[in-house]
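Inside the fold
Below are the chains, spelled out letter by letter.
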Amino acid sequence: MFVLGRLLYIQVIWGEELQEKAIDQWTREIPVVAARGKIVDRNGVIVVDNKDTYSVFVRKKAITDFEKVVNSLSQILGLEKSYVENRLNKTVSSEVTIKKQVTKGQLDELLRCSLSGVYYSRDNSRTYPYGEYLSSVLGFTSVDGKGQSGLELYYDKYLSGINGEILYETDIVGVEIPNGKASYVPATDGLNVKLTIDYDIQQLCETAMSEAMTVHKSKSAQMIVMDPSTGEILAMCNKPSYDLNAIPRDDLDLLNKLNRNGLVCDMFEPGSTFKILTSVANIEEYLNGNKNAFSPDHVFNSSRYRYIDGQKVKCWSTHEKGKHQHLTLTGGLNNSCNPIFVDIAISLGKETMYKYVELFGYGSVTGIDYGGESQGMILPVSAVKNVDLARIAFGQTIAVTGLQLACATSAAINGGNYYEPYLVSEIYSNDGIIAEKYQPKLKNKTVSEKASEILNQMLEQVVAEGSGKHAYIDGYRVAGKTGTAQKYTNGVIAQGKYVSSFIGYFPANDPKYLALVTIDEPVGQYYGSTVAAPYAKQVFEGIIKIKNIHPYV
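The following paragraphs examine the structure supplied in this document. Please read these numbers as outputs of a predicted model, since none were measured by experiment.

1. Observations concerning the environment of Asp-227
By the secondary structure assignment, Asp-227 is in the loop between β11 (220-226) and β12 (233-239). Sequence separation of Asp-227 and Cys-407 is 180 residues, and the distance between their C-alpha atoms is 9.7 Å. What Asp-227 contacts, discounting residues up to four positions off in sequence, is Glu-232, Leu-234, Pro-511 and Lys-512.

2. What about the pattern of salt bridges?
Taken as a whole, this structure holds 19 salt bridges when the rule is applied. With its nearest N and O atoms 3.0 Å apart, the salt bridge here joins Lys-104 to Asp-108. On the criterion of helical spacing, the pair formed by Lys-104 and Asp-108 is a turn pair, its members being 4 residues apart in helix α5 (residues 104-113). Judged by relative accessible area, Lys-104 falls into the partly exposed class, the value being 43%. Overall, the relative accessible area of 26% leaves Asp-108 in the partly exposed class. Between Lys-441 and Glu-420 there is a salt bridge, and its shortest N-O distance comes to 3.9 Å. Here the residue Lys-441 occupies a position in the loop between β17 (434-437) and β18 (442-445), and Glu-420 occupies one in the loop between β15 (417-419) and β16 (424-428), the gap between them amounting to 21 residues. With a relative accessible area of 48%, Lys-441 lands in the partly exposed category. A relative accessible area of 18% means that Glu-420 is categorised as buried.

3. Observations concerning the sheet that holds strand β6 (residues 118-122)
Here we have 3 strands laid out as an open sheet, ordered β5-β4-β6, and antiparallel in their pairing. Each end of this open sheet is capped by a strand with a single partner; those strands are β5 (95-102) and β6. Ignoring strand direction, the axes of neighbouring strands in this sheet form an average angle of 25°. Of the strand pairs in this sheet, strand β4 (residues 54-59) and β5 are connected by 5 bridges, and their pairing is antiparallel. In the sheet register, Val-56 faces β5, and the bridge partner there is Lys-99. On top of the sheet, α5 reaches β4, β5 and β6; it is set at about 135° to β5, its chief contact.

4. Thoughts on the packing of helix α12 (residues 275-287) against helix α18 (residues 449-464)
The geometry of α12 relative to α18 is characterised by a closest axis approach of 9 Å and an angle of 135° between their N-to-C directions. In this view, α12 runs oblique relative to α18, as classed from their interaxial angle. Judged by the twist between their axes, the crossing of α12 over α18 is right-handed. Contacts from Ile-276, Ser-279, Val-280, Ile-283, Glu-284 and Leu-287 of α12 reach α18 at Lys-450, Ala-451, Ile-454, Leu-455, Met-458 and Leu-459. For the contact of α12 with α18, the class distribution of residues is 9 nonpolar, 1 polar and 2 charged.

What counts and how
- Residues numbered from 1 in each chain as written.
- Predicted model: local features only at pLDDT ≥ 70, side-chain atom pairs only at ≥ 80, totals over all residues.
- Heavy atoms only, no water.
- Helix = DSSP H or I, 4+ residues; strand = E, 2+ residues; numbered from the N terminus.
- Contact = heavy atoms within 4.5 Å.
- Salt bridge = Lys/Arg side-chain N within 4 Å of Asp/Glu carboxyl O.
- Buried < 20%, exposed > 50% of the residue type's maximum accessible area, 1.4 Å probe, protein only.
- Pairing = 2+ DSSP bridges.
- Axes fitted to C-alpha atoms, helices over the stretch in contact; angles between N-to-C directions.
- Parallel < 35°, antiparallel > 145°, perpendicular 65-115°, else oblique.
- Left-handed = near helix turned anticlockwise from the far one by under 90°.
- Nonpolar A, V, L, I, M, F, W, Y, C, P; charged D, E, K, R; others polar.

Quick look at the structure:
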């Protein structure tokens, strides 16, 4: 009775486990690695592809000439002989991976050696046709082909696919049985990712930012171009960068620094570019009948000083006369006159100003499809004093990301619609079937179309006549705002260190291309008008040529 019970247990209860062990003992598995999905730009240009490489592994019990195997593997694969010996002698597993991402040439050499016990499978190795372009956005994969950063990580579940395998019958020591049966489980390749990025525009930005770093000897240079009417990011460039085909994996500090997408992750004081928000908040409140708001034709006090809570707030300009006389809001934007924006913020009050700060997404993430986004830094409204509010009005005492600034400005000039920014438009298979499609997503309304229209007219004047004149393009309605912000170290102004910026767009009456340029710590000149604005112009002129955009006026 005991024997019958034991037999029943072995056959029924333990049978499945024993069967699995038997299959494992009498078969050899060769992995079939799924091809990782490609990444293409909005026009189908391949920016991330795969190349043929291989993994080499050894079934130790199947080796007939140990010395030949060790010598051949070490010589052909460029490995230390001691490393190969230790892997084969000290690794507990019966099957040992010797090296991944072996080239086709190396594989051919190994095959000619006819090494018993040595097997091969295809790897999944990434190749980046354009090297360092878009590097901090695309990110990279591990040696095993898993996304580790950037879009490679964010969309890894779509890109990675599902591996298959080939099962060969072997004897008890793992040697393949002649004429043995084989079974094949095919791999399912990963899905492809289509970006909103336009490679032609990306190339323009890469060239411009490399030039900016060289000319101004800056610490970094960044540029984002987006369609303000949809939230689609057309280009995103961070310099310095690195070649994705030669990732500095042996220097993690350097890799982390170069791979960081500063436009999404890093904060800075926006300076005068923030005056766009203060302006449009005032315009909207005026249109809504708020008596604390100023009309667009109001002439402000011509003094270049304001005293708030006993503290002196002054304009960047040292010219008492001319620059500050008879200025309306348009003139205040043209000359980037701080006191005018102080007057607006103090008159509107902190609750009203903070309403617009929040409507325009400052102090919160934009929701971009990219990991590690910073939410910026704003003071709690309860802690804001009048002097703080005065400085916030012209872009101090607040920290933002480049992406936040670009999205907020888009929402001010596109008719008052805050769109969630995005980098990927489609996920699709090799046979063209679309698995996911992403459309513009409206997060909230910010201001009225009328307020946006009035603001556009003012910002067009900034480029035509004011501080943004270095972005002016004859025949095209370019608008924008310059910014120059001091940097701080441990809460103290870092003398001689600035972030120079310009945010602009065209056409002013129907914005389709918006660009933000930030140059960190330029040497010599540091005003956004002369350091950053020319590069926006350079890229806009390139877009006009590539897209064959005819003059508007």
